[in-house]
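In case you want the letters, here they are:
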Amino acid sequence: VRRAAGAGPALTQAWLANVLATRGRLDQARLAWSQVAPASGLFPRHLAEWIVAAVGNAEVCVLLGDREHAPGLYEQLLPFADRQAAPMVQVPSHGPVALYLGGLARLLDDLAAAQDHLEAALRSAAAIGSAPFEAIARVELGRTLLQRADPAPALAHLATGLDLARRLGMDPLAARAAELIEAARAGPLSA
């Protein structure tokens, strides 16, 4: 990815930032993201890959806590809230766009909107039978509900998300769900 990003157009640095951030290399991801974030809205929207790039950028914003670029990405993605980020048959699905909108809304401290988006993401994932995205949506919804001080439904979503993640071998997600359950038992969550 690093070679491809180095040889490709400047916007490929966003792909590198995403790979680094999702692997926990946050300092390296911040460096790559800082080079491309100001141009993140310039990816040509007529290209099929735009939706994948946009949700990837949203994921980076959330993982890095980038509140500066999150509003613009939120506005770009909002018209596609009811869609799946799957631009063509040859490109794997990146799941419900609502999932990424939920993360951005939570980052921007709009927990009510985050909850709405994440509930929509859960319905969307279930409608297409996507257990991995259902697991992710449940964990993120549980986290948001905990932040909203709604522990009973939060713990139910987290427990189901944990079970799904374990069955699917999604170990990092299972660990996150377990941590959130443990934290919920200790008291209310902050952002």
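Just above, that's the structure.
Residues numbered from 1 in each chain as written. Predicted model: local features only at pLDDT ≥ 70, side-chain atom pairs only at ≥ 80, totals over all residues. Heavy atoms only, no water.

Topic: the packing of helix H8 (residues 131-147) against helix H10 (residues 171-186)
- At a minimum axis separation of 10 Å, H8 and H10 run at an interaxial angle of 20°. Here H8 lies roughly parallel to H10, going by the angle between them. Handedness of the H8/H10 crossing: left-handed. Judged by residue contacts, Ala135, Ile136, Val139, Glu140, Arg143 and Leu146 of H8 engage Leu173, Arg176, Ala177, Leu180 and Ala184 from H10. (Axes fitted to C-alpha atoms, helices over the stretch in contact; angles between N-to-C directions. Helix = DSSP H or I, 4+ residues; strand = E, 2+ residues; numbered from the N terminus. Parallel < 35°, antiparallel > 145°, perpendicular 65-115°, else oblique. Left-handed = near helix turned anticlockwise from the far one by under 90°. Contact = heavy atoms within 4.5 Å.)

Notes on the nonpolar core
- If you look at the biggest cluster of nonpolar residues, it comprises 56 residues, and the most contacted ones within it are Trp33, Ile51, Leu77, Val97, Leu99, Tyr100 and Leu104.
- Considering every element that reaches this core, the biggest residue donor is helix H4 (residues 50-64), with 9 residues.
- Look past the residues within four positions of Val97 in its chain and what remains in contact with it is Ile51, Val55, Leu77, Phe80, Ala81, Arg83, Gln84 and Ala85. (Core = buried A, V, L, I, M, F, W, Y, C linked by side-chain atoms within 4.5 Å. Buried < 20%, exposed > 50% of the residue type's maximum accessible area, 1.4 Å probe, protein only.)

Some remarks on the environment of Leu16
- Here Leu16 lies in helix H2 (residues 12-22).
- The exposure class of Leu16 is buried, given its relative accessible area of 8%.
- When the C-alpha positions of Leu16 and Ala32 are compared, they lie 6.8 Å apart, and in sequence the two are 16 residues distant.

A short note on H8
- Under the 1.5 Å per step criterion, the end-to-end length of H8 is 24 Å for 17 residues, consistent within 8% with the ideal 24 Å.
- Burial analysis of H8 places 13 of its 17 residues in the buried class, which makes it a mostly covered element.
- After H8 finishes, the residue Ala149 shows a positive phi value of roughly 60°. (Expected span 1.5 Å × (residues − 1).)

Concerning the pattern of salt bridges
- Scanning the model with the defined rule gives 8 salt bridges in all.
- A salt bridge links Glu134 to Arg138; its shortest N-O distance comes to 2.9 Å. Of the two residues, Glu134 and Arg138 are both situated in helix H8; the distance of 4 residues between them amounts to about one turn of the helix.
- Judged by its relative accessible area of 18%, Glu134 falls in the buried class.
- Of the residues examined, Arg138 reaches a relative accessible area of 17% and is grouped as buried.
- Across the pair Glu140 and Arg143 runs a salt bridge, and its minimum N-O distance is 3.8 Å. Here Glu140 and its partner Arg143 are both found in helix H8, 3 residues apart, which amounts to about one turn of the helix.
- The class of Glu140 is buried, set by a relative accessible area of 9%.
- What makes Arg143 partly exposed here is its relative accessible area of 24%.
- Members of the salt-bridge network, linked through shared partners, are Arg106, Glu140, Arg143 and Arg176. (Salt bridge = Lys/Arg side-chain N within 4 Å of Asp/Glu carboxyl O.)

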